[in-house]
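Residue strings, one per chain:
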Amino acid sequence: MIKPLVAGNWKMNGLSSSVSEINALKEKVSSNSNCDVLICPPATLIMAFSHILKETPIALGGQTCHPAEKGAHTGDISAEMIQNCGAEYVITGHSERRMDHGELDKIVKSQTEAAWRAGLKAILCVGELIGERKADLTLKVIERQLKNSIPEGATAENLIIAYEPVWAIGTGLTPTVEDVAAVHNFIRQLLSDNLGSEIGNNMRILYGGSVKPGNAKELMAASNVNGALVGGASLKAEDFAGIIAAYE
Ligand code: PGA
């Protein structure tokens, strides 16, 4: 049995005043929940949140990391720095990073290696653009992204895959449950073929893209969906708790 993970990606949102939202979430998430819970705030808030979330079941993560451990990379943050702030996870390959910063599969691979070097678990995102879906290229795109960005040494503990159709992110649109299941089943098979069934069958595969309290239960019940990566709806404790409740 894979324990699901519900992860919130705050993206470029949140100021010091957001501690109130984290305090509210802390009250709503119990340690005997059927899923693991993770918040990935902007890097500026990880340290503050780690003090608040100490001894709670809510884990912390970063949203990206530089491949290098340290050095002359103005504005960048290393996996070691994220870990040092109290985080256990980092997202790699999010489509917004791929688009805004040209982070291609090769870079995503080295960022994922960096995450492991620092002792972080990586949540590696893949997903097709709307044009690719319309051209029936979804599975091809996912296969290429996974083949080119998963480094040697992946385990069911150090790697989590997130399937996020780019056209579903922040749009309110979602694929049908059948479409989600088809992609997740494909990813499961690919992971088993390439990493061996022991690793491939136990790795978590999250769905992301317009997950809300109202659709979470249905999406999370799809075949081979082991949790969610949530953007907009993770910003409000009440909404995020509503998504976590899909696993009650
Ligand atoms: P969304 O974002 O839930 O706002 O669609 C998901 C994501 O980008 O991870």
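Residues numbered from 1 in each chain as written. Predicted model: local features only at pLDDT ≥ 70, side-chain atom pairs only at ≥ 80, totals over all residues. Heavy atoms only, no water.

Chemist: Explanation requested: the environment of K109 in the structure shown.
Modeler: Examined against the element boundaries, K109 turns out to sit in helix α5 (residues 105-117). Separated by 60 residues in sequence, K109 and F49 have C-alpha atoms that sit 28 Å apart. Among all residues touching K109, those that are not within four sequence positions of it are N148, S149, I150 and P151. (Helix = DSSP H or I, 4+ residues; strand = E, 2+ residues; numbered from the N terminus. Contact = heavy atoms within 4.5 Å.)

Chemist: Is there a simple way to think about the pairing of strand β4 (residues 89-92) in this case?
Modeler: Burial along β4 is two-sided: Y89 and I91 facing one way and V90 and T92 facing the other are all buried. As paired strands, strand β3 (residues 58-62) and β4 are joined by two bridges and run parallel to one another. Following the sheet pairing, G62 is matched in β4 by V90. Of the strand pairs in this sheet, β4 and strand β5 (residues 121-126) are connected by four bridges, and their pairing is parallel. Across the sheet, T92 pairs through a bridge with L124, a residue of β5. (Buried < 20%, exposed > 50% of the residue type's maximum accessible area, 1.4 Å probe, protein only. Pairing = 2+ DSSP bridges.)

Chemist: I keep staring at helix α7 (residues 138-149) and nothing clicks. Help me out?
Modeler: In an α-helix there are 3.6 residues to a turn, and that puts residues three or four apart on one side. With twelve residues, α7 should reach 16 Å at 1.5 Å per residue; the first-to-last C-alpha distance of 17 Å fits that figure. Every buried residue of α7 is listed here: T138, V141, I142, Q145, L146 and S149. One side of α7 carries all its buried residues, which in axial view fall inside an arc of 125°. In this fold, the buried residues of α7 make contact with α4 (95-101), α5, β5, α6 (130-134), β6 (159-163) and α8 (177-195). (Expected span 1.5 Å × (residues − 1). Arc of directions from axis to C-beta.)

Chemist: Would you mind going over the pattern of salt bridges with me for this structure?
Modeler: Taken as a whole and judged by the stated rule, the model has eleven salt bridges. Where E21 meets K236, a salt bridge forms, and the shortest distance between an N and an O atom there is 3.8 Å. Taken as a pair, E21 in helix α1 (residues 19-28) and K236 in the loop between β8 (227-230) and α11 (237-244) lie far apart in primary sequence, 215 residues in all. The partner of R204 in a salt bridge is D36, with the nearest N and O atoms 3.1 Å apart. Pair noted here: R204 is in the loop between α9 (197-200) and β7 (205-208) and D36 is in strand β2 (residues 36-40), with a separation of 168 residues, a long-range link. Several salt bridges converge on common partners, so that one network encompasses K3, D36 and R204. (Salt bridge = Lys/Arg side-chain N within 4 Å of Asp/Glu carboxyl O.)

Chemist: Please clarify how the sheet that holds strand β1 (residues 5-9) should be interpreted in this entry.
Modeler: For sheets, the rule is that strands pair by backbone hydrogen bonds, running either parallel or antiparallel. Around the barrel, eight strands lie side by side as β1-β2-β3-β4-β5-β6-β7-β8; this closed barrel has parallel pairing. The average angle at which neighbouring strand axes cross in this sheet is 25°, direction not considered. Examined bridge by bridge, β6 and β7 share three bridges and lie parallel to one another. Residue I161 lies in a different strand from β7, and its bridge partner there is I205. (Axes fitted to C-alpha atoms, helices over the stretch in contact; angles between N-to-C directions.)

Structural measurements only, silent on function.
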